[in-house]
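# Summary of the model geometry
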Amino acid sequence: MRLCRALAALGLAVALSLPAAAAAGQEQQQHFGLHDMTCTSVMAMGKGLAKNASYDLTLLNQDDGSTLATRSVKSSEMGMFEARLPARLNRVMSVRLEVAKPDGTKVGFADHVMAKGAAMCNLPFTGPSRAAPLLLIGTGSVGLGLLLVAATTRRDRLLVRLRRR
């Protein structure tokens, strides 16, 4: 009788562990992640996906629900993707990457939460670099100044010639 109970308990344990093992195997196949975060971008990755399939990536600010970035990607022959998402991550505490098929079917997600009080980027956003426009304005001003000097010099020479006549 004890042998029957032991076998029944063992059989029940094996039967209950099979669905959990199958689910664990499926979870390990698909993986999404976020890494290399800066003030202006984050790297999104996924693996265990269908080969050469298209996916829509959406990066959300979980603090206020706003969309920080969107991008479409295509998985490789190995069923992987890696894409940099340009986004302003200034003072963002929590982000979520949502991965969906082009028809809108959700495939998976990845969350990243910073420690309390340690935003991904504490620097205020200063906007795009102003170096190129300032360089262009400076070069234009120098060119205009040289043109005016040349014109003034030419005018002075003409006046001197006219006075000699």
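The structure under discussion appears in the preceding block.
Not measured: the values here are computed from a predicted model.

Across its full length, the protein chain holds two helices and seven strands. N-terminal to C-terminal, the α/β element order of the protein chain is α-β-β-β-β-β-β-β-α. The buried share of the protein chain, taken over its 165 residues, is 24%. Residue pairs in contact within the protein chain that sit at least 24 positions apart in sequence constitute 55% of those at least 6 positions apart. Only carbon and sulfur atoms are counted for the fraction: they give 61% of the accessible area of the protein chain, which is about 11900 Å².

Taken as a whole and assessed by the stated rule, the structure comprises one aromatic pair. Plain terms: the ring middles of F32 and F81 are 6.4 Å apart, the flat faces sit at 35 degrees to each other, and that makes the pair tilted. Here F32 is found in strand β1 (residues 31-35), whereas its partner F81 is found in strand β5 (residues 81-86), with 49 residues between them in sequence. Across from the ring centre of F109, 4.0 Å away, lies the NZ or CZ of R96, which sits over that ring.

Attention shifts here to the nonpolar core. In globular proteins that are soluble, nonpolar side chains generally tend to be buried together. Core analysis: the largest hydrophobic core is formed by 22 residues, its most contacted members being L57, L59, F81, L85, L97 and V99. Counting only elements with at least two residues in this core, the list comes to β1, β2 (41-47), β3 (54-61), β4 (67-74), β5, β6 (94-100) and β7 (106-113). Setting aside anything within four residues of it in sequence, one finds L59 in contact with L34, V42, S66, T67, L68, A69, L85, A87, L89, V95, R96 and L97.

Turning next to the sheet that holds β7. Within the open sheet, the four strands sit side by side as β4-β3-β6-β7. Their pairing is antiparallel. A single partner strand is all that each edge strand has here, and the edge strands are β4 and β7. Taken pair by pair, the neighbouring strands of this sheet meet at an average axis angle of 15 degrees, ignoring direction. One ladder, built from seven bridges, connects β3 with β4; its direction is antiparallel. Directly across from S54, in β4, lies its bridge partner K74.

Moving on: the pairing of β5. Only one face of β5 is covered, namely the one carrying F81, A83 and L85; the face carrying E82, R84 and P86 has none of its residues buried. Where β2 meets β5, six bridges bridge the pair, whose relative direction is antiparallel. What sits directly across from G46, in β5, is F81.

Next up on the list: unusual backbone geometry. Of note, D36 is a non-glycine position whose phi angle comes to about 55 degrees, a positive value. Its identity as a non-glycine residue notwithstanding, N52 has a phi of 50 degrees, on the positive side. N52 gets classed as partly exposed once you look at its relative accessible area, which sits at 37%.

Another point: a nonpolar patch on the surface. A grouping of L144, L147 and L148 is seen on the molecular surface, where their side chains present a nonpolar patch of about 320 Å² in accessible area. With respect to the helices, strands and loops of the structure, L148 is situated in helix α2 (residues 131-164).

Parameters and conventions
Residues numbered from 1 in each chain as written. Predicted model: local features only at pLDDT ≥ 70, side-chain atom pairs only at ≥ 80, totals over all residues. Heavy atoms only, no water. Helix = DSSP H or I, 4+ residues; strand = E, 2+ residues; numbered from the N terminus. Buried < 20%, exposed > 50% of the residue type's maximum accessible area, 1.4 Å probe, protein only. Contact = heavy atoms within 4.5 Å. Areas by Shrake-Rupley, 256 points an atom, 1.4 Å probe, with all protein chains shown as cover. Phe/Tyr/Trp six-rings, centres within 6.5 Å; stacked < 30°, edge-to-face > 60°. Lys NZ or Arg CZ within 6 Å of the ring centre and 35° of its normal. Core = buried A, V, L, I, M, F, W, Y, C linked by side-chain atoms within 4.5 Å. Pairing = 2+ DSSP bridges. Axes fitted to C-alpha atoms, helices over the stretch in contact; angles between N-to-C directions. Patch = residues over 30% accessible without salt bridge, like charges linked within 9 Å, V, L, I, M, F, W, Y side chains within 5 Å. Salt bridge = Lys/Arg side-chain N within 4 Å of Asp/Glu carboxyl O.

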